[in-house]
Amino acid sequence: MVKGIGLPPGQRRVEGFPRFGTHLSRPAPPVPPAPVIAVRGAVTAEVDLPLERLWELPRKEITADFHCVAGWSATGLHWEGVPFETFYRALIEPIQLPGASITRLTLRGLDGWQAVVTIEDVLGDDVLIAQNLNGQPLDSDHGAPVRLVSPSQYGYINIKHLCRIDVLTAAPATTEGPLIRSHPRGRVWEEERHALVPGRLVRPIYRSLIGPIRFLSSRGTRDALRRS
Ligand SMILES: Nc1nc2c(c(=O)[nH]1)N[C@H]1C(S)=C(S)[C@@H](COP(=O)(O)O)O[C@H]1N2
Ligand SMILES: [Mo]
């Protein structure tokens, strides 16, 4: 295996880009008329940043593969948005608590799903707050109005419907039990699937979840709701 060539270890390519997630069959959360990203935690002021503030910043396009920790990969996705680092330096750093050493962020979606990321990973140069996928505004299946895209980390870090960021000076206590405890970094080329067990060993168990989760997730898609 050569890092960056082909698919990361233990991944299999799927056609298209399925809806997938802990939402299972629940439909995507409604997008408020004036969406914001709320910033909380180790900051001097709690601010709710309207998405318009993001669109004033320089934008970037990337083409990348998307890897779910369960083992499927969607290839050649084209994303457009604001580099997370640009957003962070322009809008979060200026309100950081003086003297606080920021080590992590909690990112949260409108559906309540959240992930903790290390500052080092989230400031990586391939990380975006994405607004468009393949030339179209993100649809509800894939994270409208905006989502995090971090192609070198598994899907669970790639928070859809991003609406809140908590600025942290220490790692929060985990809320996951020992059986499915996601790796705190989730880097795909290192196969960091699980916090306690080597990624290779959990492959068969995770893979067995793809079918059922895909099936359930597809029942909550835009298209399914339109048909019913
Ligand atoms: N808000 C939110 N973001 C989420 C999830 C979720 O359930 N809710 N699931 C994660 C998981 S496990 C994966 S694999 C990807 C799937 O993204 P997709 O539905 O656009 O394919 O979203 C991630 N981000
Ligand atoms: Mo996933």
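For the structure, see preceding data.
How each quantity is defined
- Residues numbered from 1 in each chain as written.
- Chains lettered and ligands numbered in written order.
- Predicted model: local features only at pLDDT ≥ 70, side-chain atom pairs only at ≥ 80, totals over all residues.
- Heavy atoms only, no water.
- Near = heavy atom within 4 Å.
- Polar contact = N/O pair within 3.5 Å; in protein donor to acceptor, adjacent residues only side chain to side chain.
- Areas by Shrake-Rupley, 256 points an atom, 1.4 Å probe, with all protein chains shown as cover.
- Nonpolar A, V, L, I, M, F, W, Y, C, P; charged D, E, K, R; others polar.
- Pairing = 2+ DSSP bridges.
- Helix = DSSP H or I, 4+ residues; strand = E, 2+ residues; numbered from the N terminus.
- Axes fitted to C-alpha atoms, helices over the stretch in contact; angles between N-to-C directions.
- Contact = heavy atoms within 4.5 Å.
- Core = buried A, V, L, I, M, F, W, Y, C linked by side-chain atoms within 4.5 Å.
- Buried < 20%, exposed > 50% of the residue type's maximum accessible area, 1.4 Å probe, protein only.
- Salt bridge = Lys/Arg side-chain N within 4 Å of Asp/Glu carboxyl O.

Focus on the site of ligand 1
- Neighbouring residues of ligand 1: 21 residues in total, closest Pro-18, Thr-22, His-142, Arg-147 and Lys-160.
- A distance of 3.4 Å separates an oxygen atom of ligand 1 from a polar backbone atom of His-23.
- Between Lys-160 and ligand 1, the recorded distance is 2.5 Å, taken from a side-chain N or O atom to an oxygen atom.
- Here ligand 1, which alone exposes 530 Å², has 97% of that area covered by the protein.
- A class-by-class count of the residues in the shell around ligand 1 yields nine nonpolar, seven polar and five charged.

So, the sheet that holds strand 2 (residues 36–41)
- As summarised here, the arrangement of the five strands in space is 3-2-11-6-7, forming an open sheet in which the pairing is mixed. Edge positions in the sheet fall to strand 3 (47–50) and strand 7 (114–118), since each has one partner strand and no second. Averaged over all neighbouring strand pairs, the angle between strand axes comes to 20°, with direction disregarded.
- Bridge analysis of strand 2 against strand 3 gives four bridges, and the strand direction is antiparallel. By the bridge assignment, Val-36 is partnered in strand 3 with Pro-50.
- On the sheet, helix 2 (residues 84–92) packs against strand 2, strand 3, strand 6 (104–109) and strand 11 (162–168) and is oriented at approximately 65° with respect to strand 11.

Observations regarding the nonpolar core
- Phe-84, Phe-87, Leu-105 and Val-122 are the most contacted members of the largest nonpolar core, which has 39 residues in total.
- For this core, the secondary structure elements donating two or more residues are strand 2, helix 1 (51–55), helix 2, strand 6, strand 7, helix 3 (119–122), strand 11 and helix 4 (199–207).
- Considering every element that reaches this core, the biggest residue donor is helix 2, with five residues.
- Those residues in contact with Phe-84 that sit more than four places away from it in its chain are Leu-105, Val-122, Leu-123, Val-127, Leu-128, Ile-129, Leu-148 and Ile-165.
- Core analysis: the next-biggest nonpolar cluster, separate from the first, contains 19 residues, Ile-62, Ala-70, Ala-130 and Val-149 among them.

A word on the pattern of salt bridges
- Under the counting rule described, the total for this entry stands at 14 salt bridges.
- For the salt bridge of Glu-93 with Arg-89, the shortest nitrogen-to-oxygen distance reads 2.5 Å.
- According to the relative accessible area criterion, Glu-93 is partly exposed, its value standing at 33%.
- According to the relative accessible area criterion, Arg-89 is partly exposed, its value standing at 37%.
- The network of salt bridges with shared partners includes Arg-40, Glu-46 and Asp-48.

Brief notes about the pairing of strand 4 (residues 60–67)
- Here strand 4 runs beside strand 5 (residues 72–83); their pairing, made up of seven bridges, is antiparallel. What sits directly across from Thr-63, in strand 5, is His-78.
- Once strand 4 ends, the chain turns through four residues before running back antiparallel as strand 5, passing Gly-71 with a positive phi of about 125°.

Concerning the pairing of strand 5
- Where strand 1 (residues 12–13) and strand 5 come together, two bridges link them in parallel fashion. Each residue of the ladder has a partner; that of Arg-13, found in strand 5, is Ser-73.
- Summarising the sheet, strand 5 and strand 8 (residues 128–133) pair through five bridges and their orientation is antiparallel. Bridge pairing in strand 8 links Gly-81 to Ala-130.

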